[in-house]
Amino acid sequence: MTQKISLSRYLVEQQRSKGHIPSQLRLLLEVVARACKGISHAVNKGALGGVLGSAGSENVQGEVQKKLDIIANEVLIEANEWGGHLAAMASEEMDSIYLVPNRYPQGEYLLLFDPLDGSSNIDVNVSIGTIFSVLIKPEGPQAVSEQDFLQAGKHQVAAGYCVYGPQTTLVLTVGDGVALFTLDREQGSFVLTQENLQIPQDTQEFAINMSNMRHWDAPVKRYIDECLLGQDGPRGKNFNMRWIASMVADVHRILTRGGVFMYPWDKREPNKAGKLRLMYEANPMSWLVEQAGGASTNGRTRILDLQPTQLHERVSVILGSKNEVDRVTAYHH
Ligand code: P6P
(Lines give C-alpha, C1' and ligand atoms only; values in the text may rest on other atoms or scores of the structure.)
Protein backbone atom coordinates (compact mmCIF):
# COMPACT_ATOMS: atom_id res chain seq x y z
CA MET A 1 0.00 0.00 0.00
CA THR A 2 1.43 3.36 -0.96
CA GLN A 3 2.36 5.37 2.13
CA LYS A 4 0.10 8.32 2.94
CA ILE A 5 2.01 11.61 2.84
CA SER A 6 0.46 14.06 5.29
CA LEU A 7 0.53 17.82 4.73
CA SER A 8 3.10 18.20 7.52
CA ARG A 9 5.40 15.58 6.01
CA TYR A 10 5.01 17.16 2.55
CA LEU A 11 5.98 20.59 3.90
CA VAL A 12 8.97 19.20 5.87
CA GLU A 13 10.23 17.25 2.84
CA GLN A 14 9.71 20.25 0.53
CA GLN A 15 11.77 22.37 2.93
CA ARG A 16 14.48 19.67 3.08
CA SER A 17 14.69 19.36 -0.73
CA LYS A 18 13.85 22.88 -1.90
CA GLY A 19 14.39 25.14 1.12
CA HIS A 20 11.57 27.58 0.54
CA ILE A 21 9.29 26.73 3.48
CA PRO A 22 10.89 28.17 6.63
CA SER A 23 9.48 26.68 9.82
CA GLN A 24 7.30 29.73 10.52
CA LEU A 25 5.71 29.43 7.06
CA ARG A 26 5.21 25.69 7.62
CA LEU A 27 3.52 26.48 10.94
CA LEU A 28 1.31 29.06 9.21
CA LEU A 29 0.22 26.60 6.52
CA GLU A 30 -0.45 23.82 9.03
CA VAL A 31 -2.52 26.21 11.17
CA VAL A 32 -4.53 27.39 8.16
CA ALA A 33 -5.13 23.76 7.14
CA ARG A 34 -6.31 22.94 10.67
CA ALA A 35 -8.66 25.94 10.57
CA CYS A 36 -10.04 24.70 7.24
CA LYS A 37 -10.76 21.34 8.88
CA GLY A 38 -12.77 23.20 11.51
CA ILE A 39 -14.64 25.19 8.86
CA SER A 40 -15.31 21.99 6.90
CA HIS A 41 -16.80 20.44 10.04
CA ALA A 42 -19.12 23.44 10.55
CA VAL A 43 -20.10 23.54 6.86
CA ASN A 44 -20.83 19.81 6.81
CA LYS A 45 -23.21 20.14 9.76
CA GLY A 46 -25.40 22.61 7.81
CA ALA A 47 -28.88 22.94 9.24
CA LEU A 48 -28.06 20.46 12.01
CA GLY A 49 -25.54 22.94 13.35
CA GLY A 50 -27.88 25.91 13.09
CA VAL A 51 -25.27 27.61 10.88
CA LEU A 52 -27.29 28.21 7.72
CA GLY A 53 -28.95 31.45 6.74
CA SER A 54 -27.97 35.08 7.11
CA ALA A 55 -26.35 36.68 10.12
CA GLY A 56 -28.43 39.84 9.69
CA SER A 57 -25.32 41.97 9.04
CA GLU A 58 -23.37 43.28 6.04
CA ASN A 59 -19.65 43.05 5.28
CA VAL A 60 -17.36 45.76 3.95
CA GLN A 61 -18.51 44.85 0.45
CA GLY A 62 -22.08 45.72 1.42
CA GLU A 63 -23.02 42.06 1.05
CA VAL A 64 -25.31 40.22 3.46
CA GLN A 65 -23.13 38.07 5.71
CA LYS A 66 -24.10 34.45 6.17
CA LYS A 67 -23.67 32.91 9.62
CA LEU A 68 -21.01 30.63 8.19
CA ASP A 69 -19.09 33.62 6.74
CA ILE A 70 -18.68 34.96 10.27
CA ILE A 71 -17.95 31.54 11.79
CA ALA A 72 -15.27 30.83 9.18
CA ASN A 73 -13.70 34.25 9.75
CA GLU A 74 -13.58 33.70 13.52
CA VAL A 75 -12.10 30.21 13.12
CA LEU A 76 -9.25 31.57 10.97
CA ILE A 77 -8.56 34.51 13.31
CA GLU A 78 -8.56 32.36 16.47
CA ALA A 79 -6.42 29.64 14.87
CA ASN A 80 -3.74 32.06 13.66
CA GLU A 81 -3.45 34.92 16.16
CA TRP A 82 -1.44 33.14 18.92
CA GLY A 83 1.13 31.24 16.82
CA GLY A 84 3.78 33.94 16.55
CA HIS A 85 4.04 33.51 12.77
CA LEU A 86 1.86 36.46 11.77
CA ALA A 87 2.08 40.25 12.02
CA ALA A 88 -1.52 40.79 10.88
CA MET A 89 -4.43 39.39 8.92
CA ALA A 90 -6.90 40.77 6.38
CA SER A 91 -10.26 39.28 5.47
CA GLU A 92 -13.10 39.92 3.07
CA GLU A 93 -15.33 39.96 6.18
CA MET A 94 -13.41 42.70 8.03
CA ASP A 95 -13.25 46.40 7.06
CA SER A 96 -9.66 46.88 8.23
CA ILE A 97 -6.67 44.70 8.96
CA TYR A 98 -6.52 42.64 12.16
CA LEU A 99 -3.33 43.22 14.15
CA VAL A 100 -2.04 40.28 16.18
CA PRO A 101 -2.87 41.23 19.80
CA ASN A 102 0.08 42.45 21.88
CA ARG A 103 -0.28 39.48 24.25
CA TYR A 104 1.03 37.27 21.44
CA PRO A 105 4.44 37.37 19.67
CA GLN A 106 4.49 38.98 16.24
CA GLY A 107 5.77 37.15 13.16
CA GLU A 108 6.85 38.28 9.71
CA TYR A 109 3.93 36.97 7.66
CA LEU A 110 0.73 38.64 6.52
CA LEU A 111 -2.27 36.35 5.96
CA LEU A 112 -5.16 37.40 3.73
CA PHE A 113 -8.29 35.34 3.20
CA ASP A 114 -11.80 35.07 1.93
CA PRO A 115 -12.99 32.83 4.77
CA LEU A 116 -15.94 31.40 2.91
CA ASP A 117 -16.18 32.11 -0.80
CA GLY A 118 -19.38 31.32 -2.64
CA SER A 119 -21.70 32.29 0.19
CA SER A 120 -24.74 32.33 -2.10
CA ASN A 121 -24.29 28.56 -2.34
CA ILE A 122 -24.13 27.82 1.39
CA ASP A 123 -27.87 27.39 1.93
CA VAL A 124 -28.35 25.25 -1.19
CA ASN A 125 -25.61 22.72 -0.41
CA VAL A 126 -23.32 23.59 -3.32
CA SER A 127 -19.51 23.57 -2.95
CA ILE A 128 -17.95 26.59 -1.23
CA GLY A 129 -14.45 27.26 -0.01
CA THR A 130 -11.76 29.23 1.83
CA ILE A 131 -9.14 31.15 -0.19
CA PHE A 132 -5.88 32.36 1.39
CA SER A 133 -2.78 34.29 0.40
CA VAL A 134 0.50 34.83 2.30
CA LEU A 135 2.79 37.87 2.00
CA ILE A 136 5.83 38.96 3.97
CA LYS A 137 5.61 42.13 6.04
CA PRO A 138 8.02 44.72 4.59
CA GLU A 139 11.11 45.39 6.73
CA GLY A 140 11.01 48.32 9.09
CA PRO A 141 10.46 49.33 12.71
CA GLN A 142 7.05 50.82 12.08
CA ALA A 143 3.93 48.96 13.22
CA VAL A 144 2.24 46.89 10.54
CA SER A 145 -0.33 48.87 8.56
CA GLU A 146 -2.76 48.33 5.71
CA GLN A 147 -0.12 49.76 3.37
CA ASP A 148 2.08 46.69 4.12
CA PHE A 149 -0.59 44.47 2.56
CA LEU A 150 -0.71 46.41 -0.71
CA GLN A 151 1.80 44.24 -2.56
CA ALA A 152 1.43 42.85 -6.10
CA GLY A 153 0.39 39.20 -6.25
CA LYS A 154 3.80 38.18 -7.62
CA HIS A 155 5.19 38.80 -4.10
CA GLN A 156 3.09 36.06 -2.50
CA VAL A 157 5.08 33.33 -0.70
CA ALA A 158 2.16 30.89 -0.43
CA ALA A 159 -1.40 30.69 -1.75
CA GLY A 160 -4.16 28.15 -1.64
CA TYR A 161 -7.76 27.27 -1.08
CA CYS A 162 -9.82 24.61 0.58
CA VAL A 163 -12.95 23.47 -1.24
CA TYR A 164 -15.78 22.06 0.90
CA GLY A 165 -17.44 19.76 -1.61
CA PRO A 166 -18.01 16.00 -1.91
CA GLN A 167 -14.41 15.87 -0.62
CA THR A 168 -12.70 18.51 1.46
CA THR A 169 -9.63 19.32 -0.64
CA LEU A 170 -6.74 21.66 0.15
CA VAL A 171 -4.83 23.02 -2.88
CA LEU A 172 -1.56 24.79 -2.21
CA THR A 173 1.47 26.39 -3.86
CA VAL A 174 4.65 27.83 -2.33
CA GLY A 175 6.08 28.62 -5.76
CA ASP A 176 7.15 25.14 -6.80
CA GLY A 177 4.05 23.76 -8.51
CA VAL A 178 0.60 22.96 -7.13
CA ALA A 179 -0.16 20.14 -4.68
CA LEU A 180 -3.59 18.77 -3.75
CA PHE A 181 -4.47 17.23 -0.36
CA THR A 182 -7.67 15.38 0.47
CA LEU A 183 -9.03 15.40 4.03
CA ASP A 184 -8.94 11.91 5.53
CA ARG A 185 -11.73 12.24 8.07
CA GLU A 186 -10.80 9.01 9.85
CA GLN A 187 -7.25 10.27 10.51
CA GLY A 188 -8.37 13.90 10.70
CA SER A 189 -5.47 14.94 8.43
CA PHE A 190 -4.92 16.21 4.90
CA VAL A 191 -3.24 13.56 2.73
CA LEU A 192 -1.31 14.33 -0.48
CA THR A 193 -3.40 12.97 -3.37
CA GLN A 194 -1.95 14.86 -6.35
CA GLU A 195 1.24 16.81 -7.10
CA ASN A 196 2.36 19.13 -9.88
CA LEU A 197 -1.13 19.82 -11.25
CA GLN A 198 -1.04 20.94 -14.89
CA ILE A 199 -3.81 22.88 -16.64
CA PRO A 200 -4.19 21.82 -20.32
CA GLN A 201 -3.18 24.73 -22.60
CA ASP A 202 -6.40 24.36 -24.59
CA THR A 203 -9.96 23.73 -23.52
CA GLN A 204 -13.53 23.41 -24.73
CA GLU A 205 -15.14 24.58 -21.50
CA PHE A 206 -15.83 28.15 -20.36
CA ALA A 207 -17.20 29.48 -17.08
CA ILE A 208 -19.00 32.83 -17.00
CA ASN A 209 -22.33 34.15 -15.69
CA MET A 210 -24.19 34.36 -19.00
CA SER A 211 -27.00 36.45 -17.52
CA ASN A 212 -24.62 39.44 -17.65
CA MET A 213 -24.01 39.12 -21.42
CA ARG A 214 -25.71 42.39 -22.41
CA HIS A 215 -23.41 44.28 -20.00
CA TRP A 216 -20.07 42.88 -21.23
CA ASP A 217 -17.35 44.75 -23.06
CA ALA A 218 -16.95 43.89 -26.75
CA PRO A 219 -13.87 41.61 -26.46
CA VAL A 220 -15.62 39.36 -23.92
CA LYS A 221 -18.80 39.30 -25.97
CA ARG A 222 -16.78 38.41 -29.09
CA TYR A 223 -14.99 35.55 -27.29
CA ILE A 224 -18.20 34.02 -25.90
CA ASP A 225 -20.12 34.50 -29.18
CA GLU A 226 -17.35 32.56 -30.96
CA CYS A 227 -17.53 29.77 -28.36
CA LEU A 228 -21.32 29.59 -28.84
CA LEU A 229 -20.94 29.32 -32.64
CA GLY A 230 -19.02 26.11 -31.94
CA GLN A 231 -17.64 23.98 -34.78
CA ASP A 232 -19.51 26.01 -37.43
CA GLY A 233 -17.87 29.21 -36.22
CA PRO A 234 -14.30 30.59 -36.20
CA ARG A 235 -13.23 28.29 -33.36
CA GLY A 236 -14.05 25.16 -35.35
CA LYS A 237 -14.97 23.25 -32.19
CA ASN A 238 -17.91 23.05 -29.79
CA PHE A 239 -17.70 24.42 -26.25
CA ASN A 240 -19.35 23.37 -22.99
CA MET A 241 -20.34 25.83 -20.25
CA ARG A 242 -20.10 25.51 -16.46
CA TRP A 243 -20.93 28.18 -13.84
CA ILE A 244 -21.05 27.07 -10.19
CA ALA A 245 -21.07 30.67 -8.86
CA SER A 246 -18.43 29.62 -6.37
CA MET A 247 -14.99 30.72 -7.59
CA VAL A 248 -13.22 28.04 -5.54
CA ALA A 249 -15.27 25.27 -7.18
CA ASP A 250 -14.93 26.72 -10.71
CA VAL A 251 -11.17 27.21 -10.30
CA HIS A 252 -10.78 23.73 -8.82
CA ARG A 253 -12.43 22.25 -11.91
CA ILE A 254 -10.10 24.25 -14.13
CA LEU A 255 -7.01 23.15 -12.16
CA THR A 256 -8.24 19.58 -12.44
CA ARG A 257 -9.33 19.41 -16.12
CA GLY A 258 -8.76 22.80 -17.77
CA GLY A 259 -11.16 25.53 -18.82
CA VAL A 260 -11.40 29.30 -18.76
CA PHE A 261 -13.08 31.26 -15.94
CA MET A 262 -14.21 34.82 -16.51
CA TYR A 263 -15.71 37.43 -14.24
CA PRO A 264 -15.07 40.48 -16.45
CA TRP A 265 -15.74 44.16 -15.96
CA ASP A 266 -19.21 45.09 -17.13
CA LYS A 267 -21.07 48.32 -17.64
CA ARG A 268 -23.57 47.86 -14.80
CA GLU A 269 -21.14 49.65 -12.45
CA PRO A 270 -18.52 51.17 -14.78
CA ASN A 271 -16.42 52.50 -11.89
CA LYS A 272 -16.00 49.02 -10.44
CA ALA A 273 -13.11 47.13 -12.07
CA GLY A 274 -14.96 43.85 -11.58
CA LYS A 275 -16.79 41.80 -8.95
CA LEU A 276 -13.94 39.69 -7.54
CA ARG A 277 -11.43 41.00 -5.01
CA LEU A 278 -7.79 41.30 -6.01
CA MET A 279 -5.97 40.63 -2.74
CA TYR A 280 -7.67 37.51 -1.42
CA GLU A 281 -9.45 36.00 -4.42
CA ALA A 282 -7.78 36.92 -7.73
CA ASN A 283 -4.16 36.99 -6.51
CA PRO A 284 -4.05 33.58 -4.78
CA MET A 285 -6.08 31.92 -7.55
CA SER A 286 -3.92 33.53 -10.26
CA TRP A 287 -0.70 32.27 -8.69
CA LEU A 288 -2.10 28.75 -8.37
CA VAL A 289 -3.25 28.84 -12.00
CA GLU A 290 0.14 30.11 -13.24
CA GLN A 291 1.97 27.53 -11.13
CA ALA A 292 -0.13 24.89 -12.91
CA GLY A 293 0.84 26.22 -16.36
CA GLY A 294 -2.21 28.43 -16.89
CA ALA A 295 -2.55 32.21 -17.25
CA SER A 296 -4.52 34.96 -15.50
CA THR A 297 -5.15 38.54 -16.63
CA ASN A 298 -7.66 41.32 -16.08
CA GLY A 299 -8.14 41.38 -19.85
CA ARG A 300 -5.07 43.50 -20.42
CA THR A 301 -2.50 42.93 -17.66
CA ARG A 302 -1.17 39.90 -15.80
CA ILE A 303 -3.08 39.94 -12.52
CA LEU A 304 0.01 39.12 -10.45
CA ASP A 305 1.67 42.31 -11.77
CA LEU A 306 -1.17 44.62 -10.67
CA GLN A 307 -0.13 47.06 -7.92
CA PRO A 308 -3.02 47.24 -5.42
CA THR A 309 -4.12 50.61 -4.05
CA GLN A 310 -6.86 49.43 -1.67
CA LEU A 311 -7.21 46.34 0.51
CA HIS A 312 -10.64 45.41 -0.82
CA GLU A 313 -10.24 46.54 -4.39
CA ARG A 314 -11.92 44.56 -7.12
CA VAL A 315 -10.58 43.32 -10.44
CA SER A 316 -11.76 41.80 -13.70
CA VAL A 317 -10.61 38.15 -13.87
CA ILE A 318 -9.89 35.93 -16.89
CA LEU A 319 -7.97 32.81 -15.87
CA GLY A 320 -7.34 29.20 -16.85
CA SER A 321 -6.06 27.39 -19.94
CA LYS A 322 -3.23 29.53 -21.27
CA ASN A 323 -4.19 29.60 -24.96
CA GLU A 324 -7.77 30.69 -24.16
CA VAL A 325 -6.69 33.40 -21.72
CA ASP A 326 -4.16 34.64 -24.28
CA ARG A 327 -6.92 34.79 -26.91
CA VAL A 328 -9.32 36.79 -24.70
CA THR A 329 -6.47 39.11 -23.70
CA ALA A 330 -5.49 39.57 -27.37
CA TYR A 331 -9.10 40.55 -28.17
CA HIS A 332 -8.81 43.28 -25.50
CA HIS A 333 -5.71 44.65 -27.19
P1 P6P B 1 -22.56 35.72 -9.53
C2 P6P B 1 -19.27 34.28 -4.88
O3 P6P B 1 -20.17 35.21 -4.31
C4 P6P B 1 -18.36 35.04 -5.84
O5 P6P B 1 -17.65 36.02 -5.15
C6 P6P B 1 -17.43 34.05 -6.53
O7 P6P B 1 -17.10 32.98 -5.73
C8 P6P B 1 -18.24 33.62 -7.73
O9 P6P B 1 -17.43 33.24 -8.84
C10 P6P B 1 -19.05 34.87 -8.07
O11 P6P B 1 -19.13 35.64 -6.87
C12 P6P B 1 -20.44 34.52 -8.53
O13 P6P B 1 -21.06 35.74 -8.92
O14 P6P B 1 -22.75 37.15 -10.00
O15 P6P B 1 -22.56 34.74 -10.66
O16 P6P B 1 -23.46 35.30 -8.40
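Asker: What's the story with helix α7 (residues 278-291) in this structure? I'm lost.
Answerer: Think of an α-helix as turning once every 3.6 residues; residues three or four places apart then point the same way. Counting buried positions over the 14 residues of α7 gives 12, a clear majority of the element. For α7, the set of buried residues is Leu278, Met279, Tyr280, Glu281, Ala282, Asn283, Pro284, Met285, Ser286, Trp287, Leu288 and Val289. Positive phi shows up at glycine 293, right after α7, with a value of about 90 degrees.

Asker: How do you make sense of the site of the ligand when you look at a structure like this?
Answerer: In the neighbourhood of the ligand, 13 residues make up the surrounding shell, with Asp117, Asn209, Trp243, Met247 and Tyr263 lying closest. Between the ligand and the protein, one listed contact pairs an oxygen atom with a side-chain N or O atom of asparagine 209 at 2.8 Å. The side chain of tryptophan 243 places a nitrogen or oxygen atom 2.9 Å from an oxygen atom of the ligand. Alone, the ligand offers 400 Å² of accessible surface; in the complex the protein occludes 84% of this.

Asker: Help me understand the pattern of salt bridges, please; the structure alone is not making it clear to me.
Answerer: Close approach of charged atoms allows side chains with opposite charge to pair. Per the counting criterion, the structure on display carries 21 salt bridges. The partner of glutamate 205 in a salt bridge is arginine 253, and the shortest N-O contact between them spans 3.5 Å. Of this pair, glutamate 205 sits in strand β11 (residues 205-207) while arginine 253 sits in helix α6 (residues 247-257), and the two are 48 residues apart along the sequence. Taking the relative accessible area as the measure of exposure, glutamate 205 reaches 10% and is therefore buried. According to the relative accessible area criterion, arginine 253 is buried, its value standing at 11%. The salt bridge involving arginine 302 is made with aspartate 305; its shortest N-O contact spans 2.9 Å. Judged by relative accessible area, arginine 302 falls into the partly exposed class, the value being 31%. One network of salt bridges, with partners in common, ties together Glu63, Glu92, Arg277 and Glu281.

Asker: Is there a simple way to explain the side chain of asparagine 73 in this structure?
Answerer: Mapped onto the elements of the fold, asparagine 73 is located in helix α3 (residues 67-80). Taking the relative accessible area as the measure of exposure, asparagine 73 reaches 8% and is therefore buried. Those residues within four positions of asparagine 73 in sequence are excluded, and the remaining contacts are Ser91, Glu93, Met94, Phe113 and Pro115.

Conventions used here
Residues numbered from 1 in each chain as written. Predicted model: local features only at pLDDT ≥ 70, side-chain atom pairs only at ≥ 80, totals over all residues. Heavy atoms only, no water. Buried < 20%, exposed > 50% of the residue type's maximum accessible area, 1.4 Å probe, protein only. Helix = DSSP H or I, 4+ residues; strand = E, 2+ residues; numbered from the N terminus. Near = heavy atom within 4 Å. Polar contact = N/O pair within 3.5 Å; in protein donor to acceptor, adjacent residues only side chain to side chain. Areas by Shrake-Rupley, 256 points an atom, 1.4 Å probe, with all protein chains shown as cover. Salt bridge = Lys/Arg side-chain N within 4 Å of Asp/Glu carboxyl O. Contact = heavy atoms within 4.5 Å.

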